[in-house]
Amino acid sequence: MTAGEPGAGPGAQSAGAPGEGAAANAADRAWLARAIDLSRNCPPSRTAFAVGAVIVAADGTVLATGYSRETSPHDHAEEVALAKLSPADARLSGATLYSSLEPCRYRASRPCPCAELIIAAGLRRVVIAWLEPPVFAAGGGAAMLRESGITVVEVPGLAAEARAVNAAVLGD
């Protein structure tokens, strides 16, 4: 992977700067595709979704990446990526988080769901491929983020690819 590739790693320059509003730009689609690629690294599970996440600074620099079960069987992708950054990192307030699945609003395995972690981190924007189906828990993370003033952008054109990674969980 070269520095110009989406998700090349923390500090890498990339596919371009994230969009700024509710519409996805070409860079948003490229970063979200990278999050879906990361989801393929997840150890298999029939009881949890495989999700990838990429946090990108306003200038297009990758700040952190993560995927479900990266370091623990209970890890969520967004949680892993955020844990790689200092909560005091000033770049977070202008960053966009890309997740192959809507961040969770409810969670049994840890005390804080990903939507709350994103709000606490001060992120301004979240781009997702699809909304969480009610397989393990009710969704609602996107609504919670919006209620907190965070722009949430859904890119349905990448939903099928993100769902395909989770075919075993979905019974497809």
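Heads up: the structure comes first, above all this text.
K.L.:
Is there a simple way to think about the pattern of salt bridges in this case?
P.N.:
Pairing of side chains with opposite charge becomes possible as their charged atoms draw close. Enumeration according to the criterion identifies 6 salt bridges in this entry. Notably, a salt bridge pairs Asp-28 with Arg-125, separated by 2.8 Å at the nearest N-O pair. On the criterion of sequence distance, the pair formed by Asp-28 in helix H1 (residues 26-39) and Arg-125 in strand E4 (residues 125-128) is long-range, its members being 97 residues apart. Take Asp-28 and Arg-125: they sit in the same class, and that class is buried.

K.L.:
Help me out: how do you make sense of the sheet that holds strand E1 (residues 52-56) in this one?
P.N.:
Backbone-to-backbone hydrogen bonds join strands into a sheet, with any given pair of strands oriented parallel or antiparallel. The 5 strands are arranged E2-E1-E3-E4-E5 in an open sheet whose pairing can be described as mixed. The strands lining the two open edges of the sheet, one partner per strand, are strand E2 (62-67) and strand E5 (151-154). Along the sheet, successive strands turn relative to each other by an average axial angle of 15 degrees, direction set aside. Across 4 bridges, E1 lies against strand E3 (residues 96-99) in antiparallel orientation. For Ile-55, the partnering residue across the bridge sits in E3 and is Leu-97. The strands touched by H1 are E1, E2, E3 and E4; relative to E1, the strand with the most contacts, the crossing angle is about 140 degrees.

K.L.:
Can you help me understand the pairing of E2 in this one?
P.N.:
Residues in a regular strand project their side chains so that they alternate between the two faces of the sheet. For E2, the buried fraction is high: 6 of the 6 residues fall into the buried class. Between E1 and E2, which pair antiparallel one after the other, the connecting turn spans 5 residues, and Gly-60 there sits at a positive phi close to 95 degrees.

K.L.:
Just to check I follow, could you spell out unusual backbone geometry for this structure?
P.N.:
In this structure, Arg-69 is a non-glycine residue whose phi angle is positive, near 60 degrees. Inspection of the secondary structure assignment puts Arg-69 in the loop between E2 and helix H2 (77-83). By relative accessible area, Arg-69 is classed as buried at 9%.

K.L.:
Looking at this structure, I do not really get H1. What am I missing?
P.N.:
Three- or four-residue spacings in an α-helix give side chains the same orientation, since the helix completes a turn every 3.6 residues. Under the 1.5 Å per step criterion, the end-to-end length of H1 is 20 Å for 14 residues, consistent within 8% with the ideal 20 Å. Listed as buried for H1 are Ala-27, Asp-28, Trp-31, Leu-32, Arg-34, Ala-35, Ile-36, Leu-38 and Ser-39. Summarising the contacts, the buried residues of H1 are in contact with E1, E2, E3, E4 and helix H5 (159-165).

K.L.:
I'm lost on the environment of Leu-82 in this one. Help?
P.N.:
Within the fold, Leu-82 resides in helix H2. Taking the C-alpha atoms as reference points, Leu-82 and Leu-97, separated by 15 residues in sequence, lie 9.4 Å from one another. Residues within four places of Leu-82 in sequence aside, it is in contact with Ile-55, Leu-92, Leu-117, Ile-118, Ala-121 and Leu-123.

K.L.:
Any chance you could explain helix H3 (residues 114-121) here in plain terms?
P.N.:
Listed as buried for H3 are Cys-114, Ala-115, Ile-118 and Ala-121. Looking down the long axis of H3, one finds its buried residues gathered within 130 degrees of arc, a one-sided arrangement. Structurally, H3 contributes buried residues whose contacts are with H2, E3, E4 and helix H4 (141-147). Among the residues trailing H3, Gly-122 stands out with phi positive, at a value near 85 degrees.

K.L.:
Looking at this structure, how should I read the nonpolar core?
P.N.:
One recurring pattern in soluble globular proteins is that nonpolar side chains are buried together. One finds Leu-32, Val-54, Ile-55, Tyr-98, Ile-118, Leu-123 and Trp-130 to be the most contacted residues of the largest nonpolar core, which totals 49 residues. Per element, the largest residue contribution to this core is 6 residues, and it comes from H1. Setting aside residues up to four positions removed in sequence, Ile-55 forms contacts with Thr-61, Val-62, Leu-63, Ala-64, Ala-81, Leu-82, Leu-85, Leu-92, Ala-95, Thr-96, Leu-97 and Leu-123.

Thresholds, definitions, all that
- Residues numbered from 1 in each chain as written.
- Predicted model: local features only at pLDDT ≥ 70, side-chain atom pairs only at ≥ 80, totals over all residues.
- Heavy atoms only, no water.
- Salt bridge = Lys/Arg side-chain N within 4 Å of Asp/Glu carboxyl O.
- Helix = DSSP H or I, 4+ residues; strand = E, 2+ residues; numbered from the N terminus.
- Buried < 20%, exposed > 50% of the residue type's maximum accessible area, 1.4 Å probe, protein only.
- Pairing = 2+ DSSP bridges.
- Axes fitted to C-alpha atoms, helices over the stretch in contact; angles between N-to-C directions.
- Contact = heavy atoms within 4.5 Å.
- Expected span 1.5 Å × (residues − 1).
- Arc of directions from axis to C-beta.
- Core = buried A, V, L, I, M, F, W, Y, C linked by side-chain atoms within 4.5 Å.

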